[in-house]
Amino acid sequence: MQPHGVPRPPTRSFSLPNGLRVVLAPSRSSPTASVWVWYRVGSKNERPGITGASHWVEHMLFQGSPRYGKGEIDRAVVSVGGELNAFTDADFTAYFTTVPREHLAVPLDIESDRMTRALITDQEVERERTVIHSEREGNENWPEFRVEEELFQLGFRVHPYRWDALGRRRDIEQMSPAELREYYRRFYGTRNAILVIAGGFDPRATAAEVRRRFSPLPASGESVDVKDVEPEPRGERRSELSGPGTTPYLQIGWRSPALADPETPATMLLDALLGGETRMFAAGSVWGRSAEHPSARLYRALVDTGLAVHATSDWRPRAYPGLFTVQAQAARGVSLDRLESAIGAVVARLARYGPTAAEMDDVRTKIRRGVALSYEGASRAGFRLGYFSVLRSMALEDELFRGILRVPAREVRERARALFRDEARVVVRYEPTGEAGRD
Amino acid sequence: MTDANDPMRVEYGAELAGLQVVRQSPPPAAASFSATYVGPAGWGFDPPGREGTARLVNQLIASAAGKYDRVELARRLDRAGATLSHQCSPESAEATIWGPATEWLPLLGILADVVLRPRFDPADVARVRRQVLERQLRELAQPAPRADREMLRAVFPKGHPYRETGLGDRRTVGRLGRSELVRFHREHYTSGGAILVVTAPARLASIERAARRLFGRFERSRAPQPTLPPVAARSATVRSIDLPGRSQVEVRVGGPSVARSDPEYPAAFLANELLGGRPLLSRLFQRIRERGGLAYHASSELEAMRWGGYWMAQAGTGADRWRRVVPMLADEVDRLRRTTVRPAELRVIRESAIGEIPLALESTIEAHDLAVDLAYHHLPADYWARWPGLLRAVGPADVRRAAETAIDRRTAATVVAGPVGQR
């Protein structure tokens, strides 16, 4: 099944003279059209003092541009039955709008208007400051967010992966509208953007429409490459947090390779073997559906044995070296020492003996079958095409897929040995104070 | 497109010992299939003193079934490129399988195993019990689930299924034994009052044949009847739960509402959409987030079910802002019945609701949800095709009248949960 790559829909790609890359994926029978704009701008392009700027700009791009006053973007899309949203990551920011196919012109008009000409007024920046603050507060209510933020803060000393895309509290309080406008002006432009359109449309007419709307935009967007290089870790780093919550929780991270590293397919297999998630190759959607994975190693070693109520791993491709993480929530009465020791035993065993042939076969089959339906629907197609394009290229999806099918168990074991080193480990533990609230 | 190929219409098929078979065509070009069993197995049927039973059983049926233990069942699904999900509500419990359309028949066989032959292996029972106990703690300690819980408890009387979230407590879940779980499964994962909805590129006759073979073990049974204490009109109440150390306060305002079968439902649906159901255009979102900058989320929902319903307006905001947000939520709820909506505002909301229907037909997963909803509420086979007409028949006066009964703050509960003791 799919011996040569992922079964993607046919696409047509081209670039405009101003540097904007365009990917069209028409599907005659689709009742919808999904428009995605991916910027290679994310929290990696921020600096201390303006952390969270990418996310803040994401909010501001809904607050007004020359042809759309405040609230009019939402109104234009939702009033025709469409949906729209955006999200910010360390490496990119994505804006999407899915509409009934006959309304494709609506998102094209919006995106061409706000790509380089969002207004970002002082008044709207100030009003949005409390909204962003509130978004961060909502996340802070969850111990998992606090732990992950601490883990990356601890795991990186130089590289901008050390802060969360939401930004630091202090920066959200102090960043000025002028700083935000400057950030937008520098990085958001045609050279750093990819426009993906998937769904029901005529490709020739739509290509002409895209040229008409986007060609007049000036070539803009400074380099988004990150020059800071994180030094190799020379010892374990640890942190203990405490606060409200229910059960003890921990995350362990190890320095992991960047996307371009040839070890990436083996790292993805490690993630699937340990946690069970097949990420962008999962059945159902790009990130899969939230599910338990009883056949995964961490689940069997921690949840089945009663040490944890939840245990999994997490690794996503990043443009620069990131963290491979394992997280677990202790079962009642189980100490974090015991949980940490059990996790150590699981990864040590994988590094020593490698995966079994049956495990490798299972994971590969899961991935092969999972991708078969991954392009169903215009929104999913727009997501996948843009996601791989913004990280590198659409061909990346095939490369990773083929790599996963090819990597021998021996290489996965070697990858585990290289990855799960004590001196490259970061540990954050969370002990809840336990109160359940007072009237 | 013929009716049989139109995913907006379903075909009601045979009743197999009381199990209603329903067929839906997948959207054009979709290559996946989905099937859902919904049975009268919600937590409204939890035996007294054994609260939490329905949730445990629902999670356990998807764990291990037939000749497959938990690991083997997971492998079987993975190797088919399929997923199995489960869901429990006050009224019902369901299991859904999704995967390649070419595999619809063997996957339907897995669903039948899950519904009819769960194993309840002792190790699985112990594991699920641990997970439910942890969720109980989380429900009490986290502002959002705690606020939801307390609002329902303030609105519905003791013994009412909608009052609970189905997790039970440490005592009731702690004493549940395997035999009680098996008994609940036998009595509630039945054919009577249950539906089997299949979204597949197969004719109704083929699906009926397959259902008869795979679910043939069902004996004819009658749907169990719930005990529903009356929901008396109460005066408005306010409750605050102090959860120190958290960052955000969750606010809920809610009360009892109409059942899905109520003739006022389309008007109540639009009233809720105006209030906060259509987040970007709705009044709550516009006033609290867009104009006030006071919260990241501000919305409302209307849960119109078989036995009744409830509405809830909600927002998450800072410890220094919640006192400003609560009256805004209340005022917007009151405005629905105090004033008649302008026709232009209603038109935008209504056309938005109608316009989004194609988005529900992007893929099998989304289309299937429409069919399950329709079948569960015994709605006409062409209900979704008629839905735009039903909404267009609703005028401003209808919305105001529906708000009087379906979204009425005079009998509502207000709950704030979070760091409310912090200034």
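Residues numbered from 1 in each chain as written. Chains lettered and ligands numbered in written order. Predicted model: local features only at pLDDT ≥ 70, side-chain atom pairs only at ≥ 80, totals over all residues.

Chemist: Looking at this structure, how should I read the domain arrangement of chain B?
Modeler: Residue and element names in this part refer to chain B. Along its sequence, chain B is carved into domain 1 (3–214) and domain 2 (237–418). Computed from C-alpha coordinates alone, the two centres of domain 1 and domain 2 are separated by 27 Å. Contacts between the two partners involve 33 residues from domain 1 and, on the opposite side, 38 residues from domain 2. Elements with a minimum of two residues in the side of domain 1 that touches domain 2: β1 (10–16), β2 (19–24), β3 (32–39), α5 (143–155) and β6 (195–199). In terms of residue count, the dominant contributor to the side of domain 1 that touches domain 2 is α5 (9 residues). Taken together, the residues of the side of domain 1 that touches domain 2 sort by class into 21 nonpolar, 6 polar and 6 charged. (Domains from an automatic or database assignment. Contact = placed C-beta atoms within 7 Å. Helix = DSSP H or I, 4+ residues; strand = E, 2+ residues; numbered from the N terminus. Nonpolar A, V, L, I, M, F, W, Y, C, P; charged D, E, K, R; others polar.)

Chemist: I would appreciate a short explanation of the sheet that holds strand β11 (residues 413–418) of chain B in the present structure.
Modeler: Adjacent strands of a sheet form backbone hydrogen bonds with each other and so pair up, either parallel or antiparallel. Residue and element names in this part refer to chain B. If you walk across this open sheet you meet the 5 strands as β7-β11-β8-β10-β9, and the pairing is mixed. One side of each edge strand has no neighbouring strand; the edge strands of this open sheet are β7 (237–242) and β9 (295–304). Averaged over all pairs of adjacent strands, the angle between their axes in this sheet comes to 15°, without regard to strand direction. In this sheet, strand β10 (residues 309–318) lies alongside strand β8 (residues 248–257) in antiparallel orientation, the contact comprising 10 bridges. Bridge assignment links Val-253 to a residue of β10, and that residue is Ala-313. (Pairing = 2+ DSSP bridges. Axes fitted to C-alpha atoms, helices over the stretch in contact; angles between N-to-C directions.)

Chemist: Looking at this structure, I do not really get helix α11 (residues 336–353) of chain A. What am I missing?
Modeler: An α-helical turn contains 3.6 residues, so any two residues separated by three or four positions project in the same direction. Residue and element names in this part refer to chain A. Between its terminal C-alpha atoms α11 stretches 26 Å, which fits the 26 Å expected from 18 residues at 1.5 Å a residue. When α11 is considered as a whole, its buried residues turn out to be Leu-339, Ile-343, Val-346, Val-347 and Leu-350. An end-on view of α11 places all buried positions within 85° of arc, on one side of the element. Opposite the buried face of α11, by more than 90 degrees, sit the exposed residues Asp-337, Ser-341, Ala-345, Arg-352 and Tyr-353. Buried residues along α11 sit in contact with β8 (249–256), α9 (264–275), α10 (297–303), β9 (308–314), β10 (322–330) and α15 (409–419). One or two positions beyond α11, positive phi appears at Gly-354, with a value near 75°. (Expected span 1.5 Å × (residues − 1). Buried ≥ 20, exposed ≤ 12 C-beta atoms within 10 Å, placed from the backbone. Arc of directions from axis to C-beta.)

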